[in-house]
Amino acid sequence: MSGRLVMPTRILIVGSGGREHALAWKLSVEPGVNTVFVAPGNDAMAEEPRVRRLPDVDPLDGGAVVAAGRAVAAELVVIGPEAPLAAGVGDALGTAGSAVFGPGAAAARIESSKAFCHEVASAAGVPMARSGAFESAEEAGAFARDLAAEGRGIVVKADGLAAGKGVTVCDTPEQALPAIEVAAAAGRVVVEERLDGREASLIALCDGRDALALPIARDHKRLGDGDTGPNTGGMGAYSPVPDLPDAAADDLIDRFHRPILAELARRGTPFRGALYAGLMLTAEGPVLLECNARFGDPETQAILPRLAVPLGPLLLAAAGGRLLEAARPLGLAGARLPVLPIATVGIVLAAAGYPDAPRRDDAIEGLDRARAAGALVFHGGTARDDAGSYRTAGGRILTVVGRGPDVAVARAEAEAAVDLVAFHGVQRRHDIGADAVPLEAAR
Ligand code: AMP
Ligand code: GLY
């Protein structure tokens with residue numbers, strides 16, 4: 001097998017959001033692919049050529065996912081969201097002998113417990129914000145007061161999974177105490193020093209030991225323009241990031257991903273899957289804000305259209321622990337996968353009431369027009385009604401992606417296409433990619 005790309009012909013993707021739609025869109029047109037199955041998927045994914053839905057599979061039930069993979073003779077299973085990873089679906093597939101791209105629950109704790117992420121990063125020598133993990137609101141409050149006394153800002157996080165919504169970035173120390181009460185009521189609470197800077201997401205394909213970088217992207221976590229309002233799962237992303245060009249990934253993979261992979265392997269829980277480093281680019285250099293054990297959403301929707309190589313064989317090779325050997329014939333640039341010379345901007349359209357209480361079942365207009373305008377339209381939270389029209393059925397409804405020779409052109413295309421789509425109470429940002437200027441120019 002050495003140096004040969006093995007193309008999976010039948011792939012099962014677990015999940016049903018915009019990220020999984022982008023994965024299905026990319027994988028289904030790759031050479032040698034016969035069918036991409038999505039469990040449970042959504043109605044729009046099934047409209048892609050060679051994509052089939054398995055709507056009755058519970059993505060959190062390892063036994064059901066194993067059975068589905070067997071029933072469709074999948075050669076590779078790709079797990080999209082964090083919840084199935086944390087629930088051990090990767091372990092169930094591994095035990096059943098399936099090739100699975102996605103870590104087991106023990107390695108996925110790098111995302112599912114923020115305290116564990118700090119512990120691993122510290123052992124691996126990877127810089128993170130100063131932090132403490134507390135069982136009681138009193139102790140957490142005392143730590144927050146100490147940070148405030150030093151003139152530091154405070155961030156309060158629920159320790160467990162919260163779909164990007166368990167984080168409160170406090171503008172004043174007074175805001176920290178109520179946020180600590182809320183987080184502590186749900187379990188352990190992590191209090192961190194607030195860092196300043198621009199953010200970037202660097203996601204690497206990992207085979208337990210080695211890592212290859214996907215293009216760097218920038219997400220926009222706050223709900224409102226100008227980074228205002230509550231944190232969300234992500235309201236839009238663009239790539240490349242002019243103040244952190246793709247080539248920076250070689251060094252960042254050495255400083256962040258490889259040490260974390262080595263530490264997880266040392267603990268007997270090697271990480272095979274997509275390791276996502278959320279970085280804050282501070283004046284003192286990049287600092288790790290969080291790790292995710294999966295592809296980002298909406299980063300994936302912006303990243304995959306830039307990838308110049310087939311993804312399926314790389315995911316299969318990573319699942320089998322032989323990523324570098326398989327990737328070499330593709331012509332790597334350092335630790336980076338080859339990319340197309342284009343930029344992308346993805347804008348998320350979220351439901352009224354998101355992130356707290358998304359409103360459902362509103363009719364969505366203009367999807368065909370947005371596609372006809374040249375944009376990619378990935379569905380995250382939609383369902384087709386009896387008349388065949390799409391309606392809202394989730395929090396983040398769509399990601400509309402524009403492409404162009406640079407971020408400004410891609411942004412104009414995305415904006416023009418988004419303006420063609422409408423549903424009641426739609427929430428979206430108007431500044432995704434607007435800050436895409438080299439750092440010298442931004443200062
Ligand atoms: P996390 O889920 O830990 O990545 O946090 C979600 C978002 O909260 C990040 O993308 C940042 O925008 C913000 N955030 C998290 N931790 C910090 C921190 N220590 N300093 C400043 N902002 C942070
Ligand atoms: N966009 C951030 C995440 O996927 O967690």
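Notes on the structure in this doc start here. (Residues numbered from 1 in each chain as written. Chains lettered and ligands numbered in written order. Predicted model: local features only at pLDDT ≥ 70, side-chain atom pairs only at ≥ 80, totals over all residues. Heavy atoms only, no water.)

Overview of the overall build of the chain
Per the secondary structure count, the chain includes 15 helices and 22 strands. Its C-alpha radius of gyration of 21 Å places the chain within 12% of the 22 Å reference for a compact globule of 443 residues. Oriented by its inertia axes, the alpha-carbon framework of the chain measures out at about 60 × 50 × 45 Å. Out of the 443 residues belonging to the chain, those deemed buried represent 57%. The long-range fraction of contacts in the chain, counting pairs at least 24 apart against all pairs at least 6 apart in sequence, stands at 70%. Of the roughly 16600 Å² of accessible surface on the chain, 51% is carried by carbon and sulfur atoms. Positive and negative side-chain charges in the chain, numbering 44 and 56 respectively, have mean positions lying 4 Å apart. (Helix = DSSP H or I, 4+ residues; strand = E, 2+ residues; numbered from the N terminus. Rg over C-alpha atoms; globule rule 2.2 N^0.38 Å. Buried < 20%, exposed > 50% of the residue type's maximum accessible area, 1.4 Å probe, protein only. Contact = heavy atoms within 4.5 Å. Areas by Shrake-Rupley, 256 points an atom, 1.4 Å probe, with all protein chains shown as cover. Lys, Arg positive; Asp, Glu negative; His and termini not counted. Charge placed at Lys NZ, Arg CZ, Asp CG, Glu CD.)

Re the site of ligand 2
In the vicinity of ligand 2, the residues found are Asp 219, Lys 221, Gly 233, Tyr 276, Asn 292, Arg 294, Gly 296, Asp 297, Pro 298 and Glu 299. Between ligand 2 and Gly 233, the relevant distance is 3.1 Å, taken from a nitrogen atom to a main-chain nitrogen or oxygen of the residue. In this structure, Arg 294 approaches ligand 2 through a side-chain N or O atom, which is 2.8 Å from an oxygen atom. Protein contacts shield 92% of the accessible area of ligand 2, which totals 200 Å² for the unbound molecule. Per-class residue counts for the shell around ligand 2 are 2 nonpolar, 3 polar and 5 charged. (Near = heavy atom within 4 Å. Polar contact = N/O pair within 3.5 Å; in protein donor to acceptor, adjacent residues only side chain to side chain. Nonpolar A, V, L, I, M, F, W, Y, C, P; charged D, E, K, R; others polar.)

Quick notes on the packing of aromatic side chains
Summed over the entire model, instances satisfying the criterion amount to 3 aromatic pairs. Where Trp 25 meets Phe 378, the ring centres are 5.5 Å apart and the plane angle is 70 degrees; that geometry is what we call edge-to-face. Taken together, the residues span a long stretch of sequence, with Trp 25 in helix H1 (residues 18-28) and Phe 378 in strand S19 (residues 376-379) at a distance of 353 residues. Overall, the relative accessible area of 1% leaves Phe 378 in the buried class. On the numbers, 5.4 Å between centres and 45 degrees between planes, the contact of Phe 134 with Phe 143 is tilted. An identical accessibility class is assigned to Phe 134 and Phe 143; each is buried. (Phe/Tyr/Trp six-rings, centres within 6.5 Å; stacked < 30°, edge-to-face > 60°.)

A look at helix H8 (residues 173-186)
Between its terminal C-alpha atoms H8 stretches 21 Å, which fits the 20 Å expected from 14 residues at 1.5 Å a residue. Every buried residue belonging to H8 is among Ala 176, Ala 179, Ile 180, Ala 183 and Ala 184, and all of these are buried. Tucked inside the fold, the buried residues of H8 contact helix H7 (137-149), strand S7 (154-158), strand S8 (167-170) and strand S9 (189-193). Downstream of H8 by a residue or two, Gly 187 has a phi angle that is positive, lying close to 145 degrees. (Expected span 1.5 Å × (residues − 1).)

Overview of the site of ligand 1
Close to ligand 1 lie 16 residues, the nearest being Lys 157, Leu 195, Glu 199, Lys 221 and Glu 290. Measuring from an oxygen atom of ligand 1, one finds a side-chain N or O atom of Lys 157 at 2.7 Å. Between ligand 1 and Glu 199 there is a distance of 2.4 Å, counted from an oxygen atom to a side-chain nitrogen or oxygen. Surface burial for ligand 1 is 95%, taken as the share of its 460 Å² of free accessible area covered by protein chains. At the level of elements, S7, S8, S9 and strand S17 (285-292) are the ones that each hand at least two residues to the shell around ligand 1. Looking at side-chain class alone, the shell around ligand 1 contains 7 nonpolar, 1 polar and 8 charged residues.

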